[in-house]
Amino acid sequence: MLGRCHECITKRLLAATIATSILVLTGMHANAATPVTVAAATAASPAPAASPTPTPTPTPVTSRQLPVPVYYQAYTLSCEEAALRMALAYEGIAVTDARVLAIIGVDWSAASYDGSGLRWGDPYTAFVGNPGGSEVAMTGYGTYYPNIARAAAALGGMVLRAGEGISAADLYAAVLDGHPVVAWITYQWVTAQRSDYVAFDGRTIPYAGPVEHAITVVGVTPTTVTVNDPDFGQYTVSKTVFESSYATYNQMAVVIS
């Protein structure tokens, strides 16, 4: 009996051991069969390239007023000298009409007539006649761009441009860029016919009678021009009026920096 019981116990123990082994192996296989989920690494998509910021188109400047002081001419006919004084004052250079005239020089020769018509001095080389005289009485006349440009340089100013044929558009552009302009026009903007004369030195002089005048252009808008007139002060005229008068002396001007 004891032997059989011992055998029974042994068999039971052996059966239990086998059962346990089977359970362990079954569990291992079950674990092996269970799929392992691995998170796939998703590659980051590249960020879209930033669009370049468009450069804003600058708004064109069409109006400007320069703070040029107003000076009146010291002599009856020293409009060109006073116009230069104003332009130079804007650059911080103080002068007088008399000083400008001293640099330019005065040709005191009297006007006369011969078979070819009027003969007088050359305003391209000096001031013609008496600065305190009269254009109407022909005791004085004036001077032209080479002398004003020469005086400006001698007094420390910088001349950007001087001559004839300086278009109204170029003149306006100079003012918009910050440069006052001495310009030759007819007195009080009258319409005058040219009647050129021959100077004593043989040069043909642009002449329209006793109406030669010079002003300083100090402001521009799309439709108007502001001037410092050495005889009447500061005021505004239309571009149409300005351009008609400005054409009389071949669009003569001196641009000061």
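Only a predicted model underlies this, so the values are computations on that prediction, with no experimental measurement involved.

Undergrad: Would you explain the pairing of strand β13 (residues 253–256) in this entry?
TA: Side chains on a regular strand alternate between the two faces of the sheet. Both faces of β13 are covered, namely the face carrying A253 and V255 and the face carrying V254 and I256. Summarising the sheet, strand β6 (residues 159–163) and β13 pair through four bridges and their orientation is antiparallel. Looking at β13, one finds that A162 is bridged to V254. Here strand β7 (residues 181–186) pairs with β13 via three bridges, running antiparallel. Directly across from V181, in β13, lies its bridge partner V255.

Undergrad: Teacher, can you tell me more about the side chain of K239 here?
TA: Along the chain, the position of K239 falls in helix α6 (residues 239–246). Salt bridges are absent for the buried K239, whose nearest opposite-charge side chain, E243, sits at 5.8 Å. Filtering out sequence-adjacent residues up to four positions away, K239 remains in contact with Y172, V220, T221, P222, T223, T224 and V225.

Undergrad: It is not clear to me how the layout of surface pockets should be interpreted in this structure. Could you clarify?
TA: It is the rolling of a water-molecule-sized probe over the atoms that shows where space remains empty. In this structure, the largest pocket occupies an estimated 190 Å³ of space. Taken together, the residues of the lining of the largest pocket break down into seven nonpolar, five polar and three charged.

Undergrad: Can you walk me through the pattern of salt bridges in this structure?
TA: Enumeration according to the criterion identifies five salt bridges in this entry. Between R119 and D114 there is a salt bridge whose closest N-O contact spans 2.9 Å. Looking at D114, the relative accessible area reads 36%, which means it is partly exposed.

Undergrad: What should I look at first to understand the pairing of strand β4 (residues 117–120) in this one?
TA: Summarising the sheet, strand β3 (residues 112–114) and β4 pair through three bridges and their orientation is antiparallel. By the bridge assignment for β4, Y113 is matched with L118. Between β3 and β4, which pair antiparallel in sequence order, lie two residues. The pairing of β4 with strand β8 (residues 197–199) spans two bridges and is parallel. Counterpart to W120 in the pairing with β8 is A199.

Undergrad: What exactly am I supposed to notice about the environment of V182 here?
TA: Mapped onto the fold, V182 is located in strand β7. Given the relative accessible area of 0%, V182 is considered buried. Spatially, the C-alpha atom of V182 lies 9.0 Å from that of M86, the residues being 96 residues apart in sequence. Not counting residues up to four positions away in its chain, the partners in contact with V182 are A83, L84, A87, I215, M252, A253 and V254.

Undergrad: Explain unusual backbone geometry here, please?
TA: Glycine aside, residues mostly have negative phi, and peptide bonds are mostly found in the trans state. Even without a glycine there, the phi angle at M138 is positive, about 60°. Note on placement: M138 falls in the loop between β5 (127–128) and α4 (145–154). One non-glycine residue with positive phi stands out, namely N250, at about 60°. Among the structural elements, N250 can be located in the loop between α6 and β13.

Undergrad: Just to check I follow, could you spell out the packing of helix α5 (residues 168–176) against α6 for this structure?
TA: Interaxial distance between α5 and α6 falls to 11 Å at its minimum, and their mutual angle equals 120°. On the basis of the axis angle, α5 is oblique to α6. Along this stretch, α5 crosses α6, giving a crossing that reads as right-handed. Contact residues: A168, L171 and Y172 in α5; K239, F242, E243 and Y246 in α6. Its residues assigned to classes, the contact of α5 with α6 comprises five nonpolar, no polar and two charged.

Conventions adopted
Residues numbered from 1 in each chain as written. Predicted model: local features only at pLDDT ≥ 70, side-chain atom pairs only at ≥ 80, totals over all residues. Heavy atoms only, no water. Buried < 20%, exposed > 50% of the residue type's maximum accessible area, 1.4 Å probe, protein only. Helix = DSSP H or I, 4+ residues; strand = E, 2+ residues; numbered from the N terminus. Pairing = 2+ DSSP bridges. Lys, Arg positive; Asp, Glu negative; His and termini not counted. Salt bridge = Lys/Arg side-chain N within 4 Å of Asp/Glu carboxyl O. Contact = heavy atoms within 4.5 Å. 1 Å grid on protein atoms, 1.4 Å probe; cavity = no way out; pocket = protein on both sides within 12 Å on 5 of 7 lines; lining within 4 Å. Points joined across faces, edges and corners; volume = space filled by probe spheres on them. Nonpolar A, V, L, I, M, F, W, Y, C, P; charged D, E, K, R; others polar. Axes fitted to C-alpha atoms, helices over the stretch in contact; angles between N-to-C directions. Parallel < 35°, antiparallel > 145°, perpendicular 65-115°, else oblique. Left-handed = near helix turned anticlockwise from the far one by under 90°.

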